[in-house]
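Spelled out, the chains give:
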Amino acid sequence: MATATADTAASSSSSSSTKIIAHVVTYSDPNKPAPVVDPAEHSFIGSLRTKAKNAKIHKVAVDDYLRNWEEDKRNLANTEEATEARRQHSKTYTNHYYDLVTDFYEYGWGRSMHFARMFKDTGFHQNVARHEDYLALKLGLRPGMKVLDCGCGVGGPQREIARFSGAHVTGINNNEYQVKRCNILAAKTGLSKLCFAVQGDFCNMDFPDNSFDAAYGIEATVHAPHLEDVYGEVFRILKPGSLFAAYEWCVTEKYNEADLAIKKIVHLVEEGNSIAKFYSIPECIKALKNVGFEIIEYKDLAENDEIDADALEAWFNPLIGTYNVFDVSQFGRTTTGRAITGTMVWWLELFRLAPAGAGKVSKLLNSAADNLVLAGKEGVFTPMFYFLVRKPEQK
């Protein structure tokens, strides 16, 4: 039981360490109910009204989640103990995080919950789909292949890659709500024969060894407590000679943890996205090698080449409204659009049409968006460190 773990920690740790661990463990109690959700609900306001049926549970989940970062805010210069505590319990609080935020993501961003290279001549959703198809192309996906989507969200990339390649894509996700959304949306779009999602921990998968022809991850494996945990499992389930490609969230070589102003920006991105702590690009490459992968290629796609620089805008521009300003569908993602959504949620919560704590969730996501823009402008963070690696052939 989590309470027993907290009591044990109290008897063997310093007072500050105990305080940090207790905050995380309290939230990691598996006996705590998750917020009420309806995977079949298709509207944002309808989803909030469903959660409002048990507002107290929702409020407790929100407040407990936010406590995971309180110690860091009190002492930003020294966050190692709090980071390790979050890593130990990341599976539970990340699971509840997505219970809280999935509806906001679908409403404000779409069902492919990731960034993309923003080419000026095409719309937002076209660029997002191209970003997904790029991985399918690099992996050489084709009909008859069995592919793993590692951290599949609500299945936006899964369905696009199945359409693009004809391969069968199995998604894994530890969030029950998102898994149900995946399978509902696959059925709705007629893709159930090519797309299926299972609930599970991508750091401890139930799939047999050597059972997949390829695997990919799109801005998801960053949630692993340690990158070797998830990369090692992907290595295990891939057939010898098979490929793994991903976009990883990383801090860049420009990031200096001693600069507390920059560290605060990055920390707020971590808090708003349920990430214990970002790894660097060299740490990512090292983790891949540590579990046995052969490196084929890698590149930070947030850094535009001279060849295509004139064709691209910054990856974070959709968050501030400067990308493709004539596309009306962009408005909800912009600074102004997000502020309007936040005000709407506040009023809905006031009249009990949204659950208690919904306003805090909206504020959390807006803070994350604002600080993603700042981190992008400073060049200290990338959401698209791309790599392609291979599991060696058996000798």
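Keep in mind that this is a model prediction, so the values were computed, not measured.

## Re the overall build of the protein chain
Line of reasoning, step 1. Along the protein chain, the regular secondary structure elements total 15 helices and 10 strands.
Line of reasoning, step 2. Partitioning the intrachain contacts of the protein chain with sequence separation of at least 6 by distance along the chain shows that 78% fall at a separation of at least 24.
Line of reasoning, step 3. Carbon and sulfur atoms make up 54% of the accessible area of the protein chain, which amounts to about 17,200 Å² in all.

## A short note on the pattern of salt bridges
Two side chains bearing opposite charge may form a pair once their charged atoms approach each other closely.
Line of reasoning, step 1. Per the stated rule, a full pass over the model turns up 22 salt bridges.
Line of reasoning, step 2. In this structure, arginine 163 and glutamate 160 form a salt bridge, with 3.7 Å as the shortest nitrogen-oxygen distance. Taken together, the residues span about one helical turn, with arginine 163 and glutamate 160 both in helix α9 (residues 156-165) at a distance of 3 residues.
Line of reasoning, step 3. Judged by its relative accessible area of 17%, glutamate 160 falls in the buried class.
Line of reasoning, step 4. Note that arginine 338 and aspartate 370 form a salt bridge whose closest N and O atoms lie 3.2 Å from each other. Of the two residues, arginine 338 is situated in helix α14 (residues 335-350) and aspartate 370 in helix α15 (residues 358-378); the sequence distance between them amounts to 32 residues.
Line of reasoning, step 5. The class for aspartate 370 is partly exposed, based on a relative accessible area of 37%.
Line of reasoning, step 6. Bridged by salt links that share partners, the residues Glu80, Glu257, Lys263 and Lys277 form one connected network.

## Focus: helix α10 (residues 176-188)
Line of reasoning, step 1. Its 13 residues place the ends of α10 18 Å apart at the C-alpha level, agreeing with the 18 Å of an ideal helix rising 1.5 Å per residue.
Line of reasoning, step 2. What α10 keeps buried is the set Tyr177, Gln178, Val179, Arg181, Cys182, Leu185 and Ala186.
Line of reasoning, step 3. Considering only its buried residues, α10 is in contact with α3 (44-51), α7 (90-108), α9, β3 (168-173) and β4 (195-199).
Line of reasoning, step 4. The opening residue of α10, the one whose side-chain oxygen lies 3.3 Å from the backbone nitrogen of tyrosine 177, is asparagine 175.
Line of reasoning, step 5. Looking one or two residues past α10, glycine 190 carries a phi angle of roughly 75 degrees, positive in sign.

## Looking at the nonpolar core
Line of reasoning, step 1. Formed by 48 residues in total, the largest nonpolar core has its most connected members in Leu141, Trp249 and Phe278.
Line of reasoning, step 2. Phe202, Ala224, Phe244 and Cys250 belong to the second-largest nonpolar core, a separate cluster that totals 31 residues.

## Focus: the side chain of lysine 51
Line of reasoning, step 1. Mapped onto the elements of the fold, lysine 51 is located in helix α3.
Line of reasoning, step 2. Within the structure, lysine 51 has its side chain in polar contact with the backbone oxygen of aspartate 99 (distance 2.7 Å).

## Considerations on a nonpolar patch on the surface
Line of reasoning, step 1. Together, Trp346, Trp347, Leu350, Phe351 and Leu353 make up a nonpolar patch on the protein surface, roughly 570 Å² of accessible area in all.
Line of reasoning, step 2. Of note, tryptophan 347 is situated in helix α14.

## What to know about the confidence of the model for the protein chain
Line of reasoning, step 1. The predicted model of the protein chain averages 87 in pLDDT, with 88% of residues at 70 or higher.
Line of reasoning, step 2. A low-confidence stretch, residues 1-28 (pLDDT under 50), is modelled with 41 contacts involving residues beyond four sequence positions or located in other chains.

## Things to note about the environment of arginine 236
Line of reasoning, step 1. In this structure, arginine 236 sits in helix α11 (residues 227-237).
Line of reasoning, step 2. Residue arginine 236 is classed as partly exposed on the basis of its relative accessible area, which comes to 22%.
Line of reasoning, step 3. Each C-alpha atom of the pair arginine 236 and lysine 391 lies 8.9 Å from the other, and the pair is 155 residues apart in sequence.
Line of reasoning, step 4. Side-chain polar atoms of arginine 236 contact the side chain of aspartate 209, separated by 2.7 Å.

## Some thoughts on unusual backbone geometry
Line of reasoning, step 1. Notably, serine 274 is not glycine yet its phi reads approximately 55 degrees, a positive angle.
Line of reasoning, step 2. Residue position: serine 274 is located in the loop between α12 (260-273) and β7 (279-280).
Line of reasoning, step 3. Accessibility expressed as a relative area gives 1% for serine 274, which makes it buried.
Line of reasoning, step 4. We note that arginine 352 has phi near 60 degrees; this positive angle belongs to a residue other than glycine.
Line of reasoning, step 5. Looking at where arginine 352 falls in the secondary structure, it is placed in the loop between α14 and α15.
Line of reasoning, step 6. On the basis of relative accessibility, which here comes to 73%, the residue arginine 352 falls in the exposed class.

## Section: the pairing of strand β2 (residues 146-150)
Line of reasoning, step 1. Of all 5 residues making up β2, 4 are buried, and the element is well covered by its neighbours.
Line of reasoning, step 2. Both β2 and β3 contribute to a ladder of 5 bridges, which runs parallel. When the bridges of β3 are listed, valine 147 appears paired with valine 169.
Line of reasoning, step 3. In this fold, β2 hands off to α9, which returns the chain to β3; that crossover is right-handed.
Line of reasoning, step 4. In the sheet, β2 pairs with strand β5 (residues 212-218) via 3 bridges, with the strands oriented parallel. Within β5, the residue paired with leucine 148 across the bridge is alanine 215.

Definitions and cut-offs
Residues numbered from 1 in each chain as written. Predicted model: local features only at pLDDT ≥ 70, side-chain atom pairs only at ≥ 80, totals over all residues. Heavy atoms only, no water. Helix = DSSP H or I, 4+ residues; strand = E, 2+ residues; numbered from the N terminus. Contact = heavy atoms within 4.5 Å. Areas by Shrake-Rupley, 256 points an atom, 1.4 Å probe, with all protein chains shown as cover. Salt bridge = Lys/Arg side-chain N within 4 Å of Asp/Glu carboxyl O. Buried < 20%, exposed > 50% of the residue type's maximum accessible area, 1.4 Å probe, protein only. Expected span 1.5 Å × (residues − 1). Polar contact = N/O pair within 3.5 Å; in protein donor to acceptor, adjacent residues only side chain to side chain. Core = buried A, V, L, I, M, F, W, Y, C linked by side-chain atoms within 4.5 Å. Patch = residues over 30% accessible without salt bridge, like charges linked within 9 Å, V, L, I, M, F, W, Y side chains within 5 Å. pLDDT = per-residue confidence, 0-100. Pairing = 2+ DSSP bridges. Right-handed = clockwise from strand over helix to strand, strands pointing away.

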